[in-house]
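Architecture at a glance
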Amino acid sequence: MSNNTTLPSKSATDICLTDRQMSLSVNSAEGVLIGTIIPVLVLFGISGNILNLTVLLAPNLRTRSNQLLACLAVADIVSLIVILPHSMAHYEMFETALWFRKFYGKYKFQIIGISNWSIATATWLVFVICLERLIIIKYPLSVRKQAKFFTPRNVVSIIVVTTFILTSYNHVSHACAEKLFCNGTQYHVACIEINSERWFRNEPNPNSELMKSLVRYAPQVNAIFVVLIPVILVIIFNVMLILTLRQRQKLFEPSKTIRGDSQYGSQAKTEHKVTITVTAIVTCFTITQSPSAFVTFLSFYIQKDWFTLSAICTILVVLGKALNFVLFCLSSASFRQRLMMQTKQGILRKSTRTVSMVTSSTVIVDNIPESRKRSRNAMEMIERRTSASSALVGGNRADRTHRANSSQSMIGERMPLKEFRRGTSFV
């Protein structure tokens, strides 16, 4: 971690810094590019990569290529998340907030280290994915021999550990001094490199020569093995993959058929479709990542103001990570079908859960007044019998006798009503 020290100067606490001194943006161009465009791309990229994971990690789609692409999506999500604090620092509401300035000032280089680590992991994953597709297309039998050791778990673990070692110098590359100004309302941090000749208050550099050499040469090693070499390899293997696809495209023309059984032909078509999707992703990565790689490499040897150009390259990198979902949708019909199927299943499960809850509540409500319904039906039956007996008044003697019998029967029928009123229910 970077060293944070506090300068205990009482005379400086009453001094208030200007807006330009408190600004976290290098210039206005960087504030517009990083603060305005990046958040939109980050939100779109995180949402798209999450949708990619829902399809790639489906139980029936966990192939070797899909697992590597899922790991790439996770690395892209981490990269997009950790770049958000840099974008937030260009907004006035965060720039003037004391809690954000303390957080950003203390952990800025740790955030940069995590960002470089995730980007380096994604870069090497793209190279492995491109190489894996090229081997499957050109040498399909050799994949079975190497499948035992070169599993996605082993490959990803090696890449994650190696890239962490190569980018870990970011956590110790700077020493920072923090101080409160304007009666404790303004928080300011000043950082210098560990290998700097001048130290705070013009004191001699207290760091060892080993630490100075590590911080001096580690960025160059990182630029070569994390930025330059993988990008060049990705460009070369991507060109080879495109040429191989053009040669194999003739096998899938309607006028020609694939020699061999139908099972081999369907498998070859599936591998061909997957390779098209991978080629689209790798090509997009090459276009959006290459400028940043070369600018990073040249900045070590050419002393120049690279802030605006670096901001443009950062936007290209974030754009490449955000476009993966679009490339999946445009280049893979099976991905679109699977995504629509999962969306419909999710909506159906949600609607089914809602209907079941409504149905269960309706059943409960209907079952509660069942005794009341039976009581109401019995009372209506008694009223009908009473009206029928009163209509017989004025008839002959036989009718009077019948009325008497019916009235007696009604007396017997009215007894349950009195019992019901006392609290006894009908059986």
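Please read all numbers here as calculations on a predicted model, not as lab measurements.

Examining the state of the cysteines
- Evaluated as defined, the whole model comprises two disulfides.
- Note that C16 is cross-linked by a disulfide to C182, the S-S spacing being 2.0 Å. Taking the torsion about the S-S bond as the criterion, the C16 to C182 disulfide, at about 70 degrees, is right-handed. Of the two residues, C16 is situated in the loop between strand 1 (3–6) and helix 1 (19–22) and C182 in the loop between strand 2 (174–181) and strand 3 (186–193); the sequence distance between them amounts to 166 residues.
- Looking at C182, the relative accessible area reads 17%, which means it is buried.
- Cysteines bonded in the protein chain are numbered consecutively along the chain; their disulfide partners then correspond to 1-3, 2-4.

Some details on the side chain of E132
- With respect to the element layout, E132 can be found in helix 6 (residues 98–138).
- The class for E132 is buried, based on a relative accessible area of 9%.
- Aside from chain neighbours lying at most four places away, what touches E132 is R64, S65 and L68.

Focus: the pairing of strand 3
- Across eight bridges, strand 2 lies against strand 3 in antiparallel orientation. Counterpart to L180 in the pairing with strand 3 is Y187.
- Joining the antiparallel neighbours strand 2 and strand 3 is a turn of four residues, in which C182 adopts a positive phi near 55 degrees.

Describing the packing of helix 2 (residues 28–56) against helix 3 (residues 64–82)
- Running from amino to carboxyl end, helix 2 crosses helix 3 at an angle of 155 degrees, the nearest separation of the two axes being 9 Å. Considering their axes alone, helix 2 and helix 3 lie roughly antiparallel with respect to each other. As helix 2 packs across helix 3, the resulting crossing turns out to be left-handed. Residues V42, G45, I46, N49, I50, L53 and L56 of helix 2 form the contact with helix 3, whose own contacting residues are N66, L69, A70, A73, V74, D76, I77, L80 and I81.
- The residue makeup of the contact of helix 2 with helix 3, split by class, is twelve nonpolar, three polar and one charged.

Details of the UniProt feature "transmembrane region" (unreviewed entry) in the protein chain
- In the numbering used here, UniProt assigns the feature "transmembrane region" (unreviewed entry) to residues 32–56, 68–89, 109–131, 152–169, 223–245, 274–300 and 306–330.
- Here residues 274–300 runs as 93% helix and 0% strand, with 39 Å between its end C-alpha atoms.

Thoughts on the nonpolar core
- One finds L72 and F335 to be the most contacted residues of the largest nonpolar core, which totals 35 residues.
- For this core, the elements supplying multiple residues, two or more each, are helix 2, helix 3, helix 6, helix 8 (152–167), helix 9 (209–248), helix 10 (262–298), helix 12 (324–331) and helix 13 (333–367).
- With eight residues, the top contributor of residues to this core is helix 6.
- Residue contacts for F335: discarding those within four places in its chain leaves N52, V55, F325, F328 and C329.
- I38, L41, L80 and V318 belong to the second-largest nonpolar core, a separate cluster that totals eleven residues.

Description of the packing of aromatic side chains
- Taken as a whole, this structure holds eleven aromatic pairs when the rule is applied.
- Both rings, one in F103 and one in Y107, keep their centres 5.7 Å apart while their planes meet at 45 degrees; by these two values the pair is tilted. Note that F103 and Y107 are positioned in helix 6 at a spacing of four residues, about one turn of the helix.
- Relative to F237, the ring of F127 lies with its centre 5.6 Å away and its plane at 65 degrees, an arrangement referred to as edge-to-face. Of the two residues, F127 is situated in helix 6 and F237 in helix 9; the sequence distance between them amounts to 110 residues. Comparing F127 with F237, the two get one shared label, buried.
- Among the aromatic residues, ring-to-ring pairing joins F94, W99, F100 and Y104 into one connected group.
- Directly above the ring of F109 sits K108, whose terminal nitrogen or CZ lies 5.9 Å from the centroid.

Cut-off values and rules
- Residues numbered from 1 in each chain as written.
- Predicted model: local features only at pLDDT ≥ 70, side-chain atom pairs only at ≥ 80, totals over all residues.
- Heavy atoms only, no water.
- Disulfide = S-S within 2.5 Å.
- Helix = DSSP H or I, 4+ residues; strand = E, 2+ residues; numbered from the N terminus.
- Buried < 20%, exposed > 50% of the residue type's maximum accessible area, 1.4 Å probe, protein only.
- Contact = heavy atoms within 4.5 Å.
- Pairing = 2+ DSSP bridges.
- Axes fitted to C-alpha atoms, helices over the stretch in contact; angles between N-to-C directions.
- Parallel < 35°, antiparallel > 145°, perpendicular 65-115°, else oblique.
- Left-handed = near helix turned anticlockwise from the far one by under 90°.
- Nonpolar A, V, L, I, M, F, W, Y, C, P; charged D, E, K, R; others polar.
- UniProt positions renumbered as here; feature names shortened; annotations may be inferred.
- Core = buried A, V, L, I, M, F, W, Y, C linked by side-chain atoms within 4.5 Å.
- Phe/Tyr/Trp six-rings, centres within 6.5 Å; stacked < 30°, edge-to-face > 60°.
- Lys NZ or Arg CZ within 6 Å of the ring centre and 35° of its normal.

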